[in-house]
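Descriptive structure summary
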Amino acid sequence: MLTELIIDKYSVKTTGVDGGHIYVSTEIEYKGKLRKLTVLFIENPDEMELKKGSELKIKGELKDEGEKYDLIMNNATLEK
């Protein structure tokens, strides 16, 4: 499901795979419940655009495999 979100409280994290990938971790209200969300970008976004505290407008494919799992947004892009 293609979804667009605006988030302002999040953590920027990185992996060590393939020289490092940047992703965002946050919590959102989804279907009336607070859920953890991991945002995986289609391309590595500029770290300057992910400054903690900046509001982000993101668009991607939201995946929900049930309440006992975190939400995942794949192929996300930063919208301007």
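Below: a short report on this structure. Counting restarts for each chain, with residues numbered from 1 along the sequence as it is written. Local features in this predicted model are restricted to residues of pLDDT 70 or higher, and side-chain atom pairs are both shown and tallied only at a pLDDT of 80 or more, whereas totals for entire chains, interfaces and linings draw on every residue. Side-chain measures here rest on the full set of heavy atoms in the structure, leaving out hydrogens and waters.

**Regarding the overall build of the protein**
A run of H or I in DSSP becomes a helix once it reaches four residues, and a run of E becomes a strand once it reaches two; helices and strands are each numbered from the N terminus. Tallying secondary structure elements over the protein gives 0 helices and 6 strands in all. Ordering the α and β elements of the protein from the N terminus gives β-β-β-β-β-β. Seen along its three principal axes, the alpha-carbon backbone of the protein occupies a region of about 35 × 25 × 20 Å. Expressed as a percentage of the 80 residues in the protein, the buried residues total 29%. Summarising the internal contacts of the protein: among those between residues at least 6 apart in sequence, 51% fall at separations of at least 24. Just so you have it, the protein exposes about 5,600 Å², and 47% of that area is on carbon and sulfur atoms. The charge count includes Lys and Arg as positive and Asp and Glu as negative, but it does not include His or the ends of the chains. By convention, charge coordinates are those of NZ in Lys, CZ in Arg, CG in Asp, or CD in Glu. Taking the 13 positively charged and 16 negatively charged side chains of the protein as two groups, their mean positions are separated by 5 Å. Buried means the residue's accessible area, taken with a 1.4 Å probe over protein chains only, is under 20% of the maximum for its type, while exposed means over 50%, and partly exposed covers the values in between. In what follows, a contact means two residues having at least one pair of non-hydrogen atoms within 4.5 Å. The Shrake-Rupley method, run with a 1.4 Å probe sphere, supplies the accessible areas, and residue values consider only the shown protein chains as cover.

**Here we look at the pairing of strand S5 (residues 56-63)**
Side chains on a regular strand alternate between the two faces of the sheet. Here, any two strands with at least 2 DSSP bridges between them count as paired. Two strands pair when backbone bridges link them, and strand S1 (residues 2-7) and S5 are joined in this way by 6 bridges, in the antiparallel orientation. Bridged to Leu5 within S5 is Ile58. Across 5 bridges, S5 lies against strand S6 (residues 71-78) in antiparallel orientation. Looking at the pairing, Lys59 lines up with Thr77 of S6.

**Comments concerning the environment of Arg35**
Among the structural elements, Arg35 can be located in strand S4 (residues 33-41). Taking C-alpha positions, Arg35 is 22 Å from Glu79, a pair spaced 44 residues apart along the chain. Sequence-distant contacts of Arg35, defined by excluding residues within four places in its chain, comprise Thr26, Glu27, Ile28, Tyr30, Asp64, Gly66, Glu67, Tyr69, Asp70 and Leu71. A polar atom in the side chain of Arg35 sits 2.9 Å from the backbone oxygen of Tyr69. In the analysis that follows, any N or O atom pair within 3.5 Å is treated as a polar contact, provided that within protein one partner can donate a hydrogen and the other can accept it, and provided that, for residues neighboring in sequence, both atoms belong to side chains.

**Side note on the environment of Val39**
Following the sequence through the fold, Val39 ends up in strand S4. Spatially, the C-alpha atom of Val39 lies 12 Å from that of Ile28, the residues being 11 residues apart in sequence. Excluding residues that lie within four positions of it along the chain, Val39 makes contacts with Tyr23, Val24, Ile58, Met73 and Ala76.

**Here we look at the nonpolar core**
Counting 17 residues, the largest nonpolar core has Val24, Leu37, Val39, Ile58 and Met73 as its most contacted members. Breaking this core down by element, the ones donating at least two residues are S1, strand S3 (22-30), S4, S5 and S6. The leading source of residues in this core is S3, at 4 residues. Among buried residues, those of type Ala, Val, Leu, Ile, Met, Phe, Trp, Tyr and Cys that are joined through side-chain atoms within 4.5 Å constitute a nonpolar core.

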